[in-house]
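# Observations on chain architecture
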Amino acid sequence: MKIHHILIILIVIVHTTLSTAQTDDNIIWASIKVQKNIDQKTTIAVAPIFRFNEDISNYQNSSIDISAKRKLNKSWSFQILARTWFVPNSKKRQFLWFDLGYNKKFEKFNIGSSLRMHYALDVYDNPDADFIRWKTTFSVLKLGKIKPFIAIEPWLRLNKANNIQRFRIEPGFKYKFNEQIDLLTMYRREASVNLDPEINVNMYVITLSYTFK
């Protein structure tokens, strides 16, 4: 059995197992990402995101991401990302994230790892938490225009808590239409850890990306 067959089977098993577990809500994240390569190492991007909760029947909130990513070498990269949230009947929320990423390509697959400092600016007296997030992604290469992947991401809560409080599993696919346009579709299972009551949600993420030449 080829490696991409194993990955696809694993994604199906994970999706089936988690989607039948206890779920508090189903949420969709829909986004359009526009990015520009400033040079061979630097990329800037803007991505508005719209969310619908209550089993995808109600507008929940929206946000906009503004980011700059710099390749340090063929394996390492660094990114700064600012996310501003717009929540109905509430004041704006603001986050600033610092990412250190590492990628290793093999003949048929890629392993990526990203360490994120998730910092909440606590504007307008919003008591948002700070986290350290570690995301590991396994993806298949050389499968035509489709790239299946699966990722895991634990969230370590800071603010004197110092324990894991959130965990994500993300199987999905990226489809490349051409050199400028690609589509990401992903199922995300997010579960709370060390919290009472527990919160477990299914998220369905759709991102259409366009790269300016």
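Quick caveat: nothing in here was measured; it's all calculated off a predicted structure. (Residues numbered from 1 in each chain as written. Predicted model: local features only at pLDDT ≥ 70, side-chain atom pairs only at ≥ 80, totals over all residues. Heavy atoms only, no water.)

### Section: the overall build of the protein chain
Our working definition: Numbering of helices and strands runs from the N terminus, with a helix taken as a DSSP run of H or I at least four residues long and a strand as a DSSP run of E at least two residues long. Only C-alpha atoms enter the radius of gyration; for comparison, a globular chain is expected to reach 2.2 Å times N to the power 0.38, where N is the number of residues. Only protein chains enter the area calculation, which uses a 1.4 Å probe; residues under 20% of their type maximum are buried, those over 50% are exposed, and those in between are partly exposed. Only the protein chains shown count as covering a residue, and every accessible area follows the Shrake-Rupley method with a 1.4 Å probe.
Assigned secondary structure in the protein chain consists of one helix and eleven strands. Mapped from its N terminus to its C terminus, the protein chain presents α and β elements in the order α-β-β-β-β-β-β-β-β-β-β-β. Here the protein chain has a C-alpha radius of gyration of 18 Å; the compact-globule value for 213 residues is 17 Å, and the two agree. By principal-axis analysis of the C-alpha atoms, the protein chain measures approximately 50 × 40 × 35 Å. The proportion of buried residues among the 213 residues of the protein chain is 36%. For the protein chain, the computed accessible surface area is about 12700 Å², with 61% contributed by carbon and sulfur atoms.

### Concerning the packing of aromatic side chains
The test is simple: Aromatic pairing here means that ring centres of Phe, Tyr or Trp (its six-membered ring) are within 6.5 Å. Orientation follows from the plane angle: under 30 degrees is stacked, over 60 is edge-to-face, and everything else is tilted. In this scheme, Lys NZ or Arg CZ marks a charge over a ring once it lies within 6 Å of the ring centre and within 35 degrees of the ring normal.
One pass over the full model with this rule turns up eleven aromatic pairs. Plain terms: the ring middles of Phe52 and Tyr59 are 6.0 Å apart, the flat faces sit at 65° to each other, and that makes the pair edge-to-face. Given the relative accessible area of 31%, Phe52 is considered partly exposed. Counting every residue linked through ring pairs, the aromatic cluster contains Trp29, Trp85, Phe95 and Trp97. Above the ring of Trp29, the side-chain terminus of Arg51 is found at 4.1 Å from the ring centroid. The ring of Trp85 has Arg93 lying over it, and the distance from NZ or CZ to the ring centre is 5.1 Å.

### Brief notes about a positive patch on the surface
For the record, the criterion: The patch calculation keeps residues exceeding 30% relative accessible area without a salt bridge and links them within 9 Å when they carry like charges or within 5 Å when they are nonpolar (Val, Leu, Ile, Met, Phe, Trp, Tyr). Salt bridges are identified by distance alone: a Lys or Arg side-chain nitrogen within 4 Å of an Asp or Glu carboxyl oxygen. Note that His is not counted, nor are the chain ends; the positive residues are Lys and Arg, and the negative ones are Asp and Glu. The atom standing in for a charge is NZ when the residue is Lys, CZ when it is Arg, CG when it is Asp and CD when it is Glu.
Taken together, the side chains of Lys69, Lys71, Lys105, Lys147, Lys174 and Lys176 present a region of like positive charge at the surface. Counting residues per element, the ones that place at least two in the positive patch are β3 (58-71) and β9 (163-176). Position of Lys105 among the secondary structure elements: in strand β5 (residues 93-105).

### Focus on the nonpolar core
In plain terms, the rule: As used here, the term nonpolar core means buried Ala, Val, Leu, Ile, Met, Phe, Trp, Tyr and Cys residues forming a set that is joined through side-chain atoms within 4.5 Å. Any two residues whose heavy atoms approach within 4.5 Å at even a single point are treated as in contact.
Ranked by size, the top nonpolar core spans nine residues in total: Ile27, Trp29, Ile49, Phe149, Leu184, Met186, Val201, Met203 and Val205. Secondary structure elements with two or more residues in this core: β1 (25-37), β10 (181-192) and β11 (200-212). Here this core gets three residues from one element, more than from any other, and that element is β11. For Met186, the contacting residues outside a window of four places in its chain are Phe149, Glu170, Pro171, Gly172, Met203, Tyr204 and Val205. By size, the runner-up hydrophobic cluster in this structure holds five residues, among which are Leu81, Trp85, Phe95 and Ala120.

### As for the pairing of strand β7 (residues 131-140)
The condition that has to hold: Should DSSP find at least two bridges between two strands, the strands are regarded as paired.
The sheet contact formed by strand β6 (residues 109-120) and β7 spans ten bridges and is antiparallel. For Ile111, the partnering residue across the bridge sits in β7 and is Phe138. The loop that links β7 with its antiparallel partner strand β8 (residues 146-157) comprises five residues; one of these, Lys142, has a positive phi angle of about 55°.

### Details of the sheet that holds β8
Worth spelling out the cut-off: Axes here mean lines fitted to C-alpha atoms, for a helix over just the part in contact, with angles spanning 0 to 180 degrees between N-to-C directions.
The sheet built from eleven strands closes into a barrel, its strands ordered β1-β2-β3-β4-β5-β6-β7-β8-β9-β10-β11 with mixed pairing. Here the strands of the sheet are splayed against their neighbours by 20° on average, with no regard to which way each runs. With eleven bridges connecting them, β10 and β11 associate as antiparallel partners. Directly across from Arg188, in β11, lies its bridge partner Met203.

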